[in-house]
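Survey of secondary and tertiary structure
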Amino acid sequence: MTIQSLVLAAILSLVGMPHKPAPAIGSAEHTRLDTFAGHIATAVNAEGAAIPFAGAAAKQSGALLLTALSFHESGFRESVITCEKRGALGEISAFQLLSPLAFGVDANGKRNTAKAICASVPLAASRALAVFVSYAERCKMGGPLALWRAYAKGSCGGPAPVRIFRKGALVVVDKDAGLTRCKTWERLAARAGLVGASCYKHQPIEFK
């Protein structure tokens, strides 16, 4: 199975449409999601791509990480992917990039612009992976969960709660966004037949 096919299957399972032919969900929507899956595949297959995992299935694990991340951050909505709709703090893309670390620099050493990131899903995906790799170097303890928590709140360790304003009051809608996202990645990896994908232990990820 190609990485694109792997990601598409994961996306369809997350949006409640597993194993249905394109006409059953609408051919246009199926094509859109397949194109998004292709962009993720492009990012992980790129020469020198930053992948925060080791093992024979490292690229597949990285692709499923991006799938889980984009599901929680954007719901795969086109308006978020293209940056028509941004986060409350100005976060952009399917992966809700915001910080200088997330934006990174281009081949000329200049900071990537929001315009460039919004115009290229593979670029946005590669920057999200780079953030995870950066935290993998900083967050040595706690397993992959520490990386997900760091992505959610910008520092290693501890839960990363998500709060929103609802009827004028600040309400916690997820006590630990990092754990929620990591568990989604863990489930996707297990469904794909990958071994070693754990929120709690850094280890090579292999095929069954």
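1. A short note on unusual backbone geometry
- Here C83, not a glycine, exhibits a phi torsion of approximately 75 degrees, which is positive.
- If you trace the backbone, C83 turns up in the loop between α5 (78-81) and α6 (100-103).
- Non-glycine residue Q96 carries a positive phi angle of around 50 degrees.
- Structurally, Q96 can be placed in the loop between α5 and α6.

2. Notes on the pairing of strand β1 (residues 162-166)
- With 5 bridges connecting them, β1 and strand β2 (residues 169-174) associate as antiparallel partners. Across the sheet, the residue bridging to V162 is D174, located in β2.
- In textbook terms, the turn of a hairpin is the stretch between consecutive antiparallel strands, and for β1 and β2 this stretch comprises 2 residues, one of which, K167, has a positive phi near 55 degrees.

3. Description of the nonpolar core
- Core analysis: the largest hydrophobic core is formed by 59 residues, its most contacted members being F36, L66, F95, L97 and W185.
- Broken down by secondary-structure element, the contributors of at least two residues to this core are α1 (3-14), α3 (27-45), α4 (58-74), α6, α7 (114-119), α8 (121-138), α9 (144-153) and α10 (177-191).

4. Thoughts on the environment of D176
- The topology assignment puts D176 in the loop between β2 and α10.
- C-alpha of D176 to C-alpha of A160: the two residues are 16 residues apart in sequence and 4.8 Å apart in space.
- Residue contacts for D176: discarding those within four places in its chain leaves R149, P159, A160 and P161.

5. Digging into the pattern of salt bridges
- Applying the stated rule across the entire model yields 5 salt bridges.
- Between R32 and E29 there is a salt bridge, and its shortest N-O distance comes to 3.0 Å. Placement of both R32 and E29 in helix α3 is noted, with a separation of 3 residues, approximately one turn of the helix.
- Looking at R32, the relative accessible area reads 22%, which means it is partly exposed.
- A relative accessible area of 31% places E29 in the partly exposed class.
- We note a salt bridge from D176 to R149, for which the minimum N-O separation is 2.5 Å. Of this pair, D176 sits in the loop between β2 and α10 while R149 sits in helix α9, and the two are 27 residues apart along the sequence. R149 shares its class with D176; the two are buried.
- Residues participating in the shared-partner salt-bridge network are E29, R32 and E78.

6. Considerations on the state of the cysteines
- Taken as a whole and assessed by the stated rule, the structure comprises 3 disulfides.
- Shown here is the disulfide that connects C83 with C118, its sulfur atoms set 2.1 Å apart. Its S-S torsion of approximately -95 degrees makes the covalent link between C83 and C118 left-handed. Of this pair, C83 sits in the loop between α5 and α6 while C118 sits in helix α7, placing them 35 residues apart in sequence.

What counts, and at which threshold
- Residues numbered from 1 in each chain as written.
- Predicted model: local features only at pLDDT ≥ 70, side-chain atom pairs only at ≥ 80, totals over all residues.
- Heavy atoms only, no water.
- Helix = DSSP H or I, 4+ residues; strand = E, 2+ residues; numbered from the N terminus.
- Pairing = 2+ DSSP bridges.
- Core = buried A, V, L, I, M, F, W, Y, C linked by side-chain atoms within 4.5 Å.
- Buried < 20%, exposed > 50% of the residue type's maximum accessible area, 1.4 Å probe, protein only.
- Contact = heavy atoms within 4.5 Å.
- Salt bridge = Lys/Arg side-chain N within 4 Å of Asp/Glu carboxyl O.
- Disulfide = S-S within 2.5 Å.

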